[in-house]
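Secondary and tertiary structure notes
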Amino acid sequence: MRVNERLSELSAAEAARALEENKFTCEALVAACLERIAEREESVRAWAFLDRGAALAEARSLDRVPRRSRLHGVPFGIKDIIDTADLPTEYNSPIWRGHRPKADAACVTLLKQAGCVILGKTVTTEFANNHPSQTRNPHNPAHTPGGSSSGSAAAVADAMVPLALGTQTGGSVIRPAAYCGAAAIKPSFGAINRAGTKFLAESLDTIGLFARSAEDLALAMQVLSGRAPVTVSGTPRVGLCRTPRWDVADRAVQANIEQAARTLAKSGAAVHDFEMPAGSAELFDRHKIVMGYETARALGWEYLHHRDELSTTLRARLDQGWQVPRTDYDAMREHTRRLRRQLADALREVDFLLTPAAASEAPASLASTGDPVFNRAWTLLGVPCVTLPFGKGPHGLPLAVQLIGQHEADMPLVAWADWVARRLN
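The shown structure was predicted, so the numbers you read here are calculated from the model rather than taken from an experiment. (Residues numbered from 1 in each chain as written. Predicted model: local features only at pLDDT ≥ 70, side-chain atom pairs only at ≥ 80, totals over all residues. Heavy atoms only, no water.)

Focus: the pattern of salt bridges
Our working rule: Take a side-chain nitrogen of Lys or Arg and a carboxyl oxygen of Asp or Glu: if they are within 4 Å of each other, that pair is a salt bridge. Strands are runs of DSSP state E lasting at least two residues, helices are runs of H or I lasting at least four, and both sets are numbered from the N terminus onward. Only protein chains enter the accessibility calculation, which uses a 1.4 Å probe; a residue is then buried when its area is under 20% of its type maximum, exposed when over 50%, and partly exposed in between.
The final tally for this structure, using the stated rule, is 26 salt bridges. Glu294 is paired through a salt bridge with Arg333; the nearest N and O atoms lie 4.0 Å apart. Taken together, the positions of Glu294 in helix 9 (residues 281–298) and Arg333 in helix 12 (residues 326–347) put the pair 39 residues apart, joining distant regions of the chain. A residue is classified by how much of its surface remains accessible, and Arg333, at 26% relative accessible area, is partly exposed. Between Arg376 and Asp371 there is a salt bridge; the shortest N-O distance is 4.0 Å. You can call Asp371 partly exposed: its relative accessible area is 33%. Taken together, the shared-partner salt bridges in this structure form one network comprising Arg6, Arg36, Glu39, Arg40 and Asp158.

In structure tokens form, the structure reads like this:
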């Protein structure tokens, strides 16, 4: 530990090493996280449910048994669209107030098997959609934390918990991580089992992770995906991908990405411009066809039986989703499949792409969760994305870079992300 550092400020990897070396107990780590939450929750509002007594009891129990994994005793926050048998799962909707699932989601079960402590449920936007939640940006409560994984991003960034689960359907992991200053991964589609997660769009929803470092992401991905860690050597081939929507990024973001590219090049990386396949602009603009069609049907029961209990924002989006013709949906899915194949061929020439994570720093508004323009295409394509904090915006809020890898090359991408973080920071 660094001098004067509190246990809650440790990264997951730092905490795991200290626990393994018996420098402190699981109970002490959980207590430190709960103390931080008590100090900051009134301002940040990151948590939907906490059972402090149960979390401390679980930590004490884990202190008495053999270590089950590298993350034994490390606390996790769980986005409140992911089922937990010991805590309510309400999707931030009055329709499901008091709902207690009978079983844990698959990802929660994997964490418990690994000896992780489920600290509590983090705030989601309503059904992980775009209606803003009560969570505030920990750097400035007048600014959005992003969404829909608002609570997970804010809790990790504010040192309330070292790791948290989120989900991404458009930009719901990468964008809030960028706004709040956390590291995060939106893995390859299907990399983490989604059983027990409330669906929004079945061909897009992906469980992701928030952490304080790329090393943390690698440890958590080992537990949740079953994939072994990867060691990379030498210097990477980097594709600087401005995307067809580069002009949407503000000057601070554009300058930040260019600075990151220059820094990596000075560190020995082979950096060159990367153009997405022809027709990729449609992925940025027409993601809503796929998401809208699938979301309307996934929330069909709520729409039919509890329409008045939905926010006006979500009702309008579902109204639009029901109007999407099946022919348009099928055509967009086929277009995406074609570009996915073309992108896979192009990505063989690089180790990863460097691209914006968000169009700006977190906007000074609580009426919106921000623009996912730099996330939607990658979600459609199903490729892994990692975001790392880098730089500051004009209001002193975090900026970030986003790394894109080949489909199912999640662990190499996380390893390269660790290489990048060491050079940028």
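Notes on the side chain of Glu302
Formally: Under this definition, polar contacts are N or O atom pairs within 3.5 Å; protein pairs additionally need one hydrogen-donor-capable and one acceptor-capable atom, and for neighbouring residues in sequence, both atoms have to be side-chain atoms. Residue contacts are counted whenever heavy atoms from the two residues lie within 4.5 Å of one another.
Relative to the assigned elements, Glu302 resides in helix 10 (residues 300–305). A polar side-chain atom of Glu302 sits 2.7 Å from a polar atom in the side chain of Lys198. Apart from the residues within four sequence positions on either side, Glu302 is in contact with Ile95, Trp96, Phe127, Lys198, Arg307 and Leu310.

Thoughts on the packing of aromatic side chains
Defined as follows: Working definition: a ring pair exists when centres of Phe, Tyr or Trp rings (six-membered ring for Trp) sit within 6.5 Å. Plane angles under 30 degrees give stacked, over 60 give edge-to-face, the rest tilted.
Going through the model one piece at a time under the given rule, you end up with seven aromatic pairs. Ring geometry for Tyr293 against Tyr329: centres 4.2 Å apart, planes inclined by 15°, an arrangement best described as stacked. Taken together, the residues Tyr293 in helix 9 and Tyr329 in helix 12 connect sequence positions 36 residues apart. You can call Tyr293 buried: its relative accessible area is 10%. Ring pairs connect the aromatic residues Tyr91, Trp96, Phe127 and Trp301, which therefore count as one cluster.

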